[in-house]
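Per-entry structural report
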Amino acid sequence: LALAVIIFQAMLGMWTVTLLLKPIVVMGHLLGGMTTFGLLAYAALRFAGVASADERMADLRRLVAIAIVLLFCQIALGGWTSANYAALACGYGPGSFPQCLGQWAPPTDFREGFVLWRGIGVNYEGGVLDMAARSAIQIVHRLGALVVFCYLGWLALKLVRRGLRLCGIAIALALVSQVLLGISNVYFGLPLGIATAHNGVAALLLFTLLAALARTQRGNNH
């Protein structure tokens, strides 16, 4: 599966250039990278013997899997935000967070903001959406971050209480770091270092959840 994703990832890299930075392809390229990382990381965790001695943690498995799906959706939203040049759609500095353009309800166009396919031959460098559509994308990304923060925060606390203290603390630390980096991106005007760290910590957060998933799986003693 990892090999198939890597091959498809190479094709997405080609299409990113030939289709002139089409947002759906750029977002897919990010998700392909995260999927590759996730598959290899999980395989490495399992080969390293990260597991549970029995099935006592089996009931947590579904909760962790839900967290991974939510995080993956949020990463997709982040990719869509980046691909449509909507990271600074709410401005930067004072008034950019938690408000958007200094307003709690700025003009938005959700329908236009989430059109996945716009045809061939359009150069998407710099973005083609108006400010209302970009603001809609940025707001959805923020709402997604709130959902992920609440669920993963609750899951981290539950893992700590069930004895998976290290996993829970790691998830909580990565989660808080990611939220602070996201806010910093907006407030400071998307500096390259913070933007890069925001992407890297997303991968780290995915890794902490995969480690938690491995810890709910029963090890193979044979």
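Residues numbered from 1 in each chain as written. Predicted model: local features only at pLDDT ≥ 70, side-chain atom pairs only at ≥ 80, totals over all residues. Heavy atoms only, no water.

With respect to the packing of aromatic side chains
With the rule as written, the count across this model stands at four aromatic pairs. With a centroid separation of 6.5 Å and 45° between ring planes, the pair formed by Phe37 and Phe207 is classed as tilted. Of this pair, Phe37 sits in helix α2 (residues 23-47) while Phe207 sits in helix α7 (residues 192-216), placing them 170 residues apart in sequence. The partly exposed category is assigned to Phe37, whose relative accessible area is 34%. Considering the side-chain rings of Tyr151 and Trp154, the 5.6 Å spacing of their centres and the 50° angle between planes classify their relative orientation as tilted. Here the residue Tyr151 and the residue Trp154 both occupy positions in helix α5 (residues 131-161), the gap between them amounting to three residues, near one helical turn. Residue classification places Tyr151 among the buried residues on the basis of a relative accessible area of 17%. Above the ring of Trp117, the side-chain terminus of Lys22 is found at 4.4 Å from the ring centroid. (Phe/Tyr/Trp six-rings, centres within 6.5 Å; stacked < 30°, edge-to-face > 60°. Helix = DSSP H or I, 4+ residues; strand = E, 2+ residues; numbered from the N terminus. Buried < 20%, exposed > 50% of the residue type's maximum accessible area, 1.4 Å probe, protein only. Lys NZ or Arg CZ within 6 Å of the ring centre and 35° of its normal.)

Focus on α5
Here α5 is 31 residues long and its end C-alpha atoms lie 45 Å apart, about the 45 Å a rise of 1.5 Å per residue gives. Count one or two residues on from α5 and you reach Gly163, which has phi positive near 105°. (Expected span 1.5 Å × (residues − 1).)

Considerations on the pattern of salt bridges
When charged atoms on two side chains of opposite charge get close, those side chains can pair. Per the stated rule, a full pass over the model turns up two salt bridges. The closest approach of N and O atoms between Glu55 and Arg61, which form a salt bridge, is 3.0 Å. Here Asp59 and Arg162 are joined by a salt bridge, their closest N and O atoms 2.8 Å apart. You can see Asp59 sitting in helix α3 (residues 58-83) and its partner Arg162 sitting in the loop between α5 and α6 (165-187), a full 103 residues away along the chain. (Salt bridge = Lys/Arg side-chain N within 4 Å of Asp/Glu carboxyl O.)

Some words on the packing of α5 against α6
Two numbers describe how α5 lies on α6: the axes approach to 8 Å, and their chain directions differ by 160°. Of the possible angle classes, the one that applies to α5 and α6 is roughly antiparallel. Crossing geometry of α5 relative to α6 is assigned as left-handed. Of the residues in α6, those touching α5 at Gln138, Arg142, Val148, Phe149, Leu152, Gly153, Ala156, Leu159 and Val160 are Arg165, Gly168, Ile169, Ile171, Ala172, Leu175, Val176, Val179 and Val186. In terms of residue class, the contact of α5 with α6 is made up of 13 nonpolar, three polar and two charged. (Axes fitted to C-alpha atoms, helices over the stretch in contact; angles between N-to-C directions. Parallel < 35°, antiparallel > 145°, perpendicular 65-115°, else oblique. Left-handed = near helix turned anticlockwise from the far one by under 90°. Contact = heavy atoms within 4.5 Å. Nonpolar A, V, L, I, M, F, W, Y, C, P; charged D, E, K, R; others polar.)

Focus on the state of the cysteines
One pass over the full model with this rule turns up one disulfide. Between the sulfur of Cys90 and that of Cys100 lies a disulfide, 1.9 Å long from S to S. Looking along the S-S bond of the Cys90-Cys100 disulfide, the torsion reads about -85°, which is the left-handed sense. Here Cys90 is found in the loop between α3 and α4 (110-113), whereas its partner Cys100 is found in the loop between α3 and α4, with ten residues between them in sequence. Of all cysteine sulfurs in the structure, the one in Cys73 sits closest to Cys150, which takes part in no disulfide; the separation is 16 Å. Residue class for Cys150 comes out partly exposed when judged on its relative accessible area of 47%. (Disulfide = S-S within 2.5 Å.)

Brief notes about a nonpolar patch on the surface
Taken together, the side chains of Leu3, Ile7, Phe8 and Met11 present a nonpolar region at the surface, about 390 Å² in accessible area. Positionally, Leu3 belongs in helix α1 (residues 2-18). (Patch = residues over 30% accessible without salt bridge, like charges linked within 9 Å, V, L, I, M, F, W, Y side chains within 5 Å. Areas by Shrake-Rupley, 256 points an atom, 1.4 Å probe, with all protein chains shown as cover.)

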